[in-house]
Amino acid sequence: MKIMKFGGTSVGRPERMHQVKDLITRGTEPTIVVLSALSGTTNALVGIGEALAAADKTLAKERIDTLHAHYLAFYPALLQTAEAREKAEDIIKEHFEFLNILLKISFNEAINRDILAQGELLSTKLFYTLLGELQIPAVFLPALDFMSIDENSEPELEKISERLKAILAQHPNERLFITQGYICKNHRNEVDNLKRGGSDYTASLVAAAIQASVCEIWTDIDGMHNNDPRVVDRTRPIAEMSFDEAAELAYFGAKILHPASIWPAQLYNIPVKLLNTMQPDAGGTLIKAKVDTTGVKAIAAKDGITAIKIKSSRMLLAYGFLRQVFEIFEKYKTPIDMITTSEVAVSVTIDELSHLDQIVSELRDFGTVEVDQNQAIICVVGNQVAETKGALQSVLDSLVEIPVRMVSFGGSKHNVSILVDAQYKTQALKSLNEGVFDWN
Ligand code: ADP
Ligand code: ASP
Ligand code: MG
């Protein structure tokens, strides 16, 4: 069995949904199709939630109506028969009635998460109606019946696997299953989600849950590129990368993949393919356990980073100091990304800022603490990059014009991370693009 996930742009127009239909019916292997919301929908739902949170019902209503109009224009171009169009009208009516009811009741975070779930529910139901109209047999699999997260918002892979396998066992002769990306239930049995871009994570979790043969992520670009195509002028797709390289790039900002979307596939050694819905025969990127290529492969950047420096003479020749420092971050469930140390100071970076004040206040017990906000991590990734002759040199040479705050090298063989003030992010990505890749 395989997984095919289609992102927002891939289902964002009626003709694209038809392309998706063509792609999922090309093969013969049983397939779970994971769909995102139509492009722009989740952003619009975020906007509706924000207006409701601000108690601005007029604005919320305006935003609901704009989104509603988008769907009312969408379905007649998607579907041809009166019967299918009637079904689509009912689906759209149901979900927009739900949104309109929210104008009349008091708002809370659980309601907000319900709002955010409407996009994937709409896209999958409309797509399923298209398959019905074309008499393509398929099973509708509500993600809320099997996808779940625990009290720490971590996916419950074992439970997901048990539930999903039980559901699939009821349909032994079916070939196509349609489900929603992104949405899930939480430990309170409320509707929740896997954070923005989470449909990739759904795909990989579903792949791991059923030990799929492959997890295909279909998007609007021909694979993982060597740099962020939204920022630098020339980029090129990477044919192959390892799970470790891809996980690092996703975590450090390559938007094409949700930051956590690699580990489930890696756990069961399931190859992940990044493919372009608009150019289905382009090679794309194959992500697998081992690759032979070495040297710098790609660069990504993550902003919204805060650097914290703790300077203390108690650190000199002492043991146990770092443990005490890390315990404070652990206590506040705040992950550390980068670390650099000297004999009397340690610098760390975080991007989860909800407990920054408490963390800083407790760290002050150890010495002086300095906080730099608005930083960006530039992550240079490649198999054996740390051992590739000249690789570190070319990275540092490319950044001579840029003040570098931290450098982390040697933590793994496939990564060099550099921390710069966020204002230098674009310049750093551009200089590295010219400096570390061979464009001939
Ligand atoms: P989807 O809606 O299919 O999930 P996303 O917008 O989430 O698509 O991800 C695809 C986009 O990621 C691309 O259009 C591209 O602009 C952006 N992107 C950022 N960094 C990279 C990269 N290194 N390689 C490829 N795409 C990237
Ligand atoms: N629709 C969700 C979002 O826009 C999930 C996804 O597209 O992956 O974040
Ligand atoms: Mg995405």
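Residues numbered from 1 in each chain as written. Chains lettered and ligands numbered in written order. Predicted model: local features only at pLDDT ≥ 70, side-chain atom pairs only at ≥ 80, totals over all residues. Heavy atoms only, no water.

1. Some thoughts on the pairing of strand 15 (residues 404-409)
Inspection of the sheet shows strand 15 paired to strand 16 (residues 415-421) by five bridges, in the antiparallel sense. Residue pairing in the sheet places methionine 406 in a bridge with leucine 419 of strand 16. Counting the residues in the hairpin turn of strand 15 and strand 16 gives five residues, including glycine 410, whose phi is positive at 95°. (Pairing = 2+ DSSP bridges. Helix = DSSP H or I, 4+ residues; strand = E, 2+ residues; numbered from the N terminus.)

2. What to know about a nonpolar patch on the surface
Taken together, the side chains of Leu396, Val404, Val407 and Phe409 define a hydrophobic patch exposed on the protein surface, amounting to about 290 Å² of accessible area. Counting residues per element, the nonpolar patch draws most heavily on strand 15, at three residues. A residue is classified by how much of its surface remains accessible, and leucine 396, at 38% relative accessible area, is partly exposed. (Patch = residues over 30% accessible without salt bridge, like charges linked within 9 Å, V, L, I, M, F, W, Y side chains within 5 Å. Areas by Shrake-Rupley, 256 points an atom, 1.4 Å probe, with all protein chains shown as cover. Salt bridge = Lys/Arg side-chain N within 4 Å of Asp/Glu carboxyl O. Buried < 20%, exposed > 50% of the residue type's maximum accessible area, 1.4 Å probe, protein only.)

3. Focus: the UniProt feature "binding site: ATP" (unreviewed entry) in the protein
Listed under "binding site: ATP" (unreviewed entry) in the UniProt record, and renumbered for this structure, are Lys5, Phe6, Gly7, Gly8, Thr219, Asp220 and Arg230. Its place among the elements puts glycine 7 in the loop between strand 1 (2-6) and helix 1 (8-11). Glycine 7 gets classed as buried once you look at its relative accessible area, which sits at 7%. Among all residues touching glycine 7, those that are not within four sequence positions of it are Ser36 and Trp218. (UniProt positions renumbered as here; feature names shortened; annotations may be inferred. Contact = heavy atoms within 4.5 Å.)

4. Some thoughts on the packing of aromatic side chains
Tallying each qualifying case throughout the model produces seven aromatic pairs. A centroid spacing of 5.7 Å and a plane angle of 75° characterise the contact between phenylalanine 321 and phenylalanine 366, whose relative ring orientation is edge-to-face. Taken as a pair, phenylalanine 321 in helix 11 (residues 321-331) and phenylalanine 366 in the loop between helix 12 (356-363) and strand 14 (368-381) lie far apart in primary sequence, 45 residues in all. Both residues of the pair, phenylalanine 321 and phenylalanine 366, count as buried. Taken together, a centroid distance of 6.2 Å and an interplanar angle of 70° make the contact between phenylalanine 437 and tryptophan 439 edge-to-face. Positioned above the aromatic ring of tryptophan 439 is the side chain of arginine 236, whose terminal nitrogen or guanidinium carbon lies 4.5 Å from the ring centre. One Lys or Arg, lysine 302, reaches over the ring of tyrosine 251 and ends 3.7 Å from the middle of that ring. (Phe/Tyr/Trp six-rings, centres within 6.5 Å; stacked < 30°, edge-to-face > 60°. Lys NZ or Arg CZ within 6 Å of the ring centre and 35° of its normal.)

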